[in-house]
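# Summary of the model geometry
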Amino acid sequence: MSVKRASDYTFFENVFDVVRQIPRGRVTSYGMIASYLGSKQTSRMVGWAMNRAHDLHPPVPAHRVVNRNGLLTGKHHFSPPESMQLSLEEEGVNVIDDQIIDFKNHIWNPCEELL
DNA sequence: TTCCTGACTCCAG
DNA sequence: CCTGGAGCCAGGA
């Protein structure tokens, strides 16, 4: 058993925290999370963090994180890949051809919501 | 150790 | 409108 220390609370832990707070039926982008945490240029690190997210507890709803266009660019990292879209549609987010329909209407921006 | 890649985004041409 | 390069930083070979 490992205990979380303050010194372990890095950028990645912050990413997981933010993602875990995304409400059901809402989505956000890598860039928004990165921007909220300090620099939008670290958006790649957010994606990298998501790759590690599947093993974490409590679970991280990585399917609610897409790229800035509402495109499910990370679906191939789910097993099966379709599970990302299915999870979203279960929450009322329609997806066609890897694109979230009415994306801007589902956006949850941590910069505004998570002040 | 160095080199390459990536679930991104922005900016220039 | 589309394409390519740069910047970010951690891991794997």
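### Some details on the protein's contact with DNA strand B
As a structural note, the neighbourhood of DNA strand B is formed by 16 residues, with R44, M50, N67, R68 and H77 the closest of them. In DNA strand B, atoms within 4 Å of the protein come 48% from sugar and phosphate. Within the side chain of Y30, a nitrogen or oxygen atom sits 3.0 Å from a base nitrogen of DNA strand B. One nitrogen or oxygen atom from the main chain of R68 is found 2.8 Å from a phosphate oxygen belonging to DNA strand B. Elements supplying a minimum of two residues to the surface near DNA strand B: α2 (30-37) and α3 (43-53). Per-element tally for the surface near DNA strand B: the top contributor is α3, with six residues. Per-class residue counts for the surface near DNA strand B are five nonpolar, nine polar and two charged.

### Overview of the nonpolar core
In terms of nonpolar packing, the biggest core is built from 17 residues, with V15, V19, I33, M50 and V65 touching the most fellow members. Elements that contribute at least two residues to this core include exactly α1 (11-20), α2 and α3. The contact partners of V65, leaving out residues within four places of it in the chain, are V19, I22, T28, S29, Y30, I33, M50 and M84. Within the second largest apolar cluster, nine residues are counted, among which are V27, V93, V95 and I100.

### A short note on the side chain of S83
Position of S83 relative to the elements: it lies in helix α4 (residues 82-90). One polar contact links the side chain of S83 to the main-chain carbonyl oxygen of P80, over a distance of 2.7 Å.

### Focus on the layout of surface pockets
The volume enclosed by the largest pocket comes to roughly 410 Å³. M50, A62, G74, H77 and F78 are the residues nearest the centre of the largest pocket, which is lined by 18 residues in total. Contributions of two or more residues to the lining of the largest pocket are made by α3 and α4. With four residues, the top contributor of residues to the lining of the largest pocket is α3. The class makeup of the residues in the lining of the largest pocket is nine nonpolar, nine polar and no charged.

### As for the protein's contact with DNA strand C
All residues adjacent to DNA strand C are F12, Q41, R44, M45 and W48. Of what DNA strand C places within 4 Å of the protein, 70% of the atoms are sugar or phosphate. Taking R44, its side chain carries an N or O atom lying 2.9 Å from a base oxygen of DNA strand C. By residue class, the composition of the surface near DNA strand C is three nonpolar, one polar and one charged.

Conventions used here
- Residues numbered from 1 in each chain as written.
- Chains lettered and ligands numbered in written order.
- Predicted model: local features only at pLDDT ≥ 70, side-chain atom pairs only at ≥ 80, totals over all residues.
- Heavy atoms only, no water.
- Near = heavy atom within 4 Å.
- Polar contact = N/O pair within 3.5 Å; in protein donor to acceptor, adjacent residues only side chain to side chain.
- Helix = DSSP H or I, 4+ residues; strand = E, 2+ residues; numbered from the N terminus.
- Nonpolar A, V, L, I, M, F, W, Y, C, P; charged D, E, K, R; others polar.
- Core = buried A, V, L, I, M, F, W, Y, C linked by side-chain atoms within 4.5 Å.
- Buried < 20%, exposed > 50% of the residue type's maximum accessible area, 1.4 Å probe, protein only.
- Contact = heavy atoms within 4.5 Å.
- 1 Å grid on protein atoms, 1.4 Å probe; cavity = no way out; pocket = protein on both sides within 12 Å on 5 of 7 lines; lining within 4 Å.
- Points joined across faces, edges and corners; volume = space filled by probe spheres on them.

The values are spatial; any link to function lies outside them.
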